[in-house]
Amino acid sequence: MQNSAFFHFLTLLLFKQKSKHIGAVLISVVIIFLLSSVLFLSTSLRYSLLATMDKQADFTVTRMQAGKAVNTPSAWTDKILEINGVTKVAPRVYGRYFFAPRENAFLIVGVDFFDEQSSQALERLIGKVDMKRFFSEESMLVGEGVRQFLRAHYFNRDFTFKTPVGKFKKVTIFQTLPESANLIANDMIVMPIDLAREIFGMQEDEVTDITFNVPNDAEWDNIVTKLHLMFYDVRVIDKREIKKAYENLYNYKGGLFLLLYLITIVTFMLILYQRYSMVYSTERKEIGILRAVGWSIRDILKLKFYENLVIVIVSFIIGVLLAYLYVFVLGAPLLDRLFLGGANLHNHVSFVPVVEFGTLGSVFLFYAIPFLAAVLIPAWKIAVTPPKEAML
Amino acid sequence: MSFLMLCVALAAGHYITYGRESGREMLQKITALTQIPSASLSVAWYEPRIRLYEDASNPAYPQMQPIDRMDFVYAK
């Protein structure tokens, strides 16, 4: 059989029977679109979060009491600094402030702005800051989500915090944190460390936890042992654990989505298989006619293979393109809530386009192989029966 | 078919020209300032906002894990 004639016939067949294929294409596009959207979202979030790990301290030390993290004595900072190989020891004060009337919570982070590193980091984040004005009254920097929430509740210029001792603390909104930092800072309030302590009702010699770096990786395990010998009520978390947690957080392999995909794809393949295996289907007649006019089994399988390969490729490209547009251009409305949650402040994040071509290739294979198998196996079964019987 | 090719080209153009570094740098800057790399998950107040440092527990039902917690849906 001449190849050009074969492909001409294939093209004619595809265009003539458009309506026959449209259902399969539509279902395929929906399945590919949903799976690709989830993959794009999870990959993008993982990429963005792992990027922040470079700036994260290597270790975090927290005091434990009755299995729960409690405030850590700030005196531990000096003790940790005495360990050889430890650098950049920094106390952290942070916690959630519950806004009872609306059952929302903000993450308050206390920063020591007099520390050179912190003031440089602030300058890099929001440009030149008028520190005089910042310290002239009690001020704070708020994330985009907090800003919108406060504005909606008529706190346009400042917000009044209630401290655990029953005092009220009015803090001026100095500036909003950049929107591109929403993935981390949406519900964040950054304020001077002493002010944060006052709002949480912490003592002056208390911090939430202490972070530090150990530049030599080979020393990491040794440092952990030293810490456990130094303090008996301590929990040490290293960066590797956090990294692992973030890698797994959005890992589609462990998610429900892959399971849902498998269920959907199996159902769809069964429908396709059923369509081709039906006794009175047009497919049977078509194959019977082709066999009657002299086509070999091999030619029929070749025709069906190419016919469905075109459908698979077109559906895959449309599905992936729609998913790309939905996630990276439109910002994945609705689906972002599944990944970022929706119980607190709404977080609007611009997802960084990251496409793992290996994963997309796997999706294509996991989709194309069952699809082609679901069509070719019944087609082969019909093709091997005598044409007369097939057309009955 | 040509429309499909055009769409692929547009998506490829968007992917290549997207300012990936600026977003990445901004996240690194906020982490450098606060030392908190945790994603701002919009979780209920009794769910952990900062992973590994906080434990999830609903004070009303301490033994019952909330069904919508993130690590229930995704692998831990």
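Residues numbered from 1 in each chain as written. Chains lettered and ligands numbered in written order. Predicted model: local features only at pLDDT ≥ 70, side-chain atom pairs only at ≥ 80, totals over all residues.

Asker: What am I meant to see in the overall build of chain B here?
Answerer: Summing up its helical and strand segments, chain B has 3 helices and 0 strands in all. Expressed as a percentage of the 76 residues in chain B, the buried residues total 32%. (Helix = DSSP H or I, 4+ residues; strand = E, 2+ residues; numbered from the N terminus. Buried ≥ 20, exposed ≤ 12 C-beta atoms within 10 Å, placed from the backbone.)

Asker: Even after reading the chapter, I still don't get the overall build of chain A, so can you show me in this structure?
Answerer: Assigned secondary structure in chain A consists of 16 helices and 12 strands. Against the globule reference of 21 Å for 392 residues, chain A gives a C-alpha radius of gyration of 31 Å, more extended than a compact globule. Across its three principal directions, the C-alpha atoms of chain A cover 95 × 50 × 40 Å. Buried residues in chain A amount to 36% of all 392 residues. Partitioning the contacts of chain A with sequence separation of at least 6, the portion at a separation of at least 24 is 80%. (Rg over C-alpha atoms; globule rule 2.2 N^0.38 Å. Contact = placed C-beta atoms within 7 Å.)

Asker: Any chance you could explain the interface of chain B and chain A here in plain terms?
Answerer: Quite often, the size of an interface is put as the accessible area lost when its parts meet. On the side of chain A, 64 residues touch chain B, which itself brings 39 residues to the contact. Among the elements that take part in the side of chain B that touches chain A, helix α2 (residues 20-34) of chain B stands out by supplying 13 residues, more than any other. Its residues placed into classes, the side of chain B that touches chain A shows 24 nonpolar, 9 polar and 6 charged. (Nonpolar A, V, L, I, M, F, W, Y, C, P; charged D, E, K, R; others polar.)

Asker: Just to check I follow, could you spell out the domain arrangement of chain A for this structure?
Answerer: Residues and elements named next belong to chain A. The domain architecture assigned to chain A consists of domain 1 (3-51 + 250-390) and domain 2 (59-213). Taken over C-alpha atoms, the centre of domain 1 sits 49 Å from the centre of domain 2. Opposite the 8 residues of domain 1 that make contact, domain 2 presents 10 residues. (Domains from an automatic or database assignment.)

Asker: Hey, could you run me through unusual backbone geometry in this one?
Answerer: With glycine set apart, most residues show a phi of negative sign, and most peptide bonds adopt trans. Residue and element names in this part refer to chain A. Here the phi dihedral of Lys-88 falls at roughly 45 degrees; this positive angle occurs in a residue that is not glycine. Residue position: Lys-88 is located in strand β4 (residues 87-99). Residue Lys-88 is classed as partly exposed on the basis of its 14 C-beta neighbours within 10 Å.

Asker: How do you make sense of the packing of helix α12 (residues 282-292) of chain A against helix α15 (residues 357-384) of chain A when you look at a structure like this?
Answerer: When two helices pack together, their arrangement is given by the angle between their axes and by how far apart the axes lie. Residue and element names in this part refer to chain A. Running from amino to carboxyl end, α12 crosses α15 at an angle of 45 degrees, the nearest separation of the two axes being 9 Å. With respect to each other, α12 and α15 are oriented oblique. Crossing of α12 against α15: the hand is right-handed. On α15, the residues touching Arg-284, Ile-287 and Arg-291 of α12 are Ala-379, Ile-382 and Ala-383. Here the residues of the contact of α12 with α15 are counted per class, giving 4 nonpolar, no polar and 2 charged. (Axes fitted to C-alpha atoms, helices over the stretch in contact; angles between N-to-C directions. Parallel < 35°, antiparallel > 145°, perpendicular 65-115°, else oblique. Left-handed = near helix turned anticlockwise from the far one by under 90°.)

Asker: Would you mind going over the pairing of strand β9 (residues 188-192) of chain A with me for this structure?
Answerer: Residues and elements named next belong to chain A. With 5 of its 5 residues buried, β9 lies for the most part within the structure. As defined by bridge partners, strand β5 (residues 104-111) adjoins β9 across 5 bridges and the pair is classed as parallel. Among the inter-strand pairings, Gly-110 is bridged to a residue of β9, identified as Met-191. (Pairing = 2+ DSSP bridges.)

Asker: Help me out: how do you make sense of the pairing of strand β1 (residues 59-65) of chain A in this one?
Answerer: Strand residues, when the strand is regular, have side chains that alternate between the two faces of the sheet. Most of β1(A) is tucked away, with 5 of its 7 residues classed as buried. Between the antiparallel neighbours β1(A) and strand β2 (residues 68-70) of chain A lie 2 residues, among them A:Ala66 with a positive phi of about 55 degrees.

Asker: Please explain α12(A) as it appears in this structure.
Answerer: Since the α-helix turns once every 3.6 residues, residues separated by three or four places project in the same direction. Within the sequence span of α12(A), burial applies to A:Arg284, A:Glu286, A:Ile287, A:Gly288 and A:Arg291. Immediately beyond the C-terminal end of α12(A), within one or two residues, lies A:Gly294, with a positive phi of roughly 110 degrees.

Asker: Sorry, what's going on with the confidence of the model for chain B here?
Answerer: In low-pLDDT segments, the atomic positions of the prediction should not be examined closely. Considering every residue of chain B, the mean pLDDT works out to 74; 66% of them sit at 70 or more. Among the prediction metrics, the complex's ipTM stands at 0.79, with pTM recorded as 0.81. (pLDDT = per-residue confidence, 0-100.)

Asker: Explain α2(B) to me, please; I cannot follow it from the model alone.
Answerer: Residue and element names in this part refer to chain B. For α2, with 15 residues, the first-to-last C-alpha span of 22 Å sits near the 21 Å given by 1.5 Å per residue. What α2 keeps buried is the set Gly-23, Met-26, Leu-27, Gln-28, Lys-29, Ile-30, Thr-31, Ala-32, Leu-33 and Thr-34. Remark: Gln-35 follows α2 within two positions and exhibits a positive phi of approximately 60 degrees. (Expected span 1.5 Å × (residues − 1).)

Asker: For this particular structure, what's the right way to read the packing of helix α13 (residues 297-329) of chain A against helix α1 (residues 2-17) of chain B?
Answerer: Relative to each other, α13(A) and α1(B) sit at 40 degrees, their axes nearing to 11 Å. Relative to α1(B), the element α13(A) lies oblique. In this structure, the crossing between α13(A) and α1(B) has a hand that is left-handed. Counting all contacts with α13(A), which are made through A:Ile317, A:Leu321 and A:Tyr324, the residues of α1(B) involved are B:Leu4, B:Cys7, B:Val8 and B:Ala11. In the contact of α13(A) with α1(B), the residues fall into 7 nonpolar, no polar and no charged.

Asker: Is there a simple way to explain the environment of A:His21 in this structure?
Answerer: Mapped onto the elements, A:His21 comes out in helix α2 (residues 18-52). The class for A:His21 is partly exposed, based on 19 C-beta atoms found within 10 Å.

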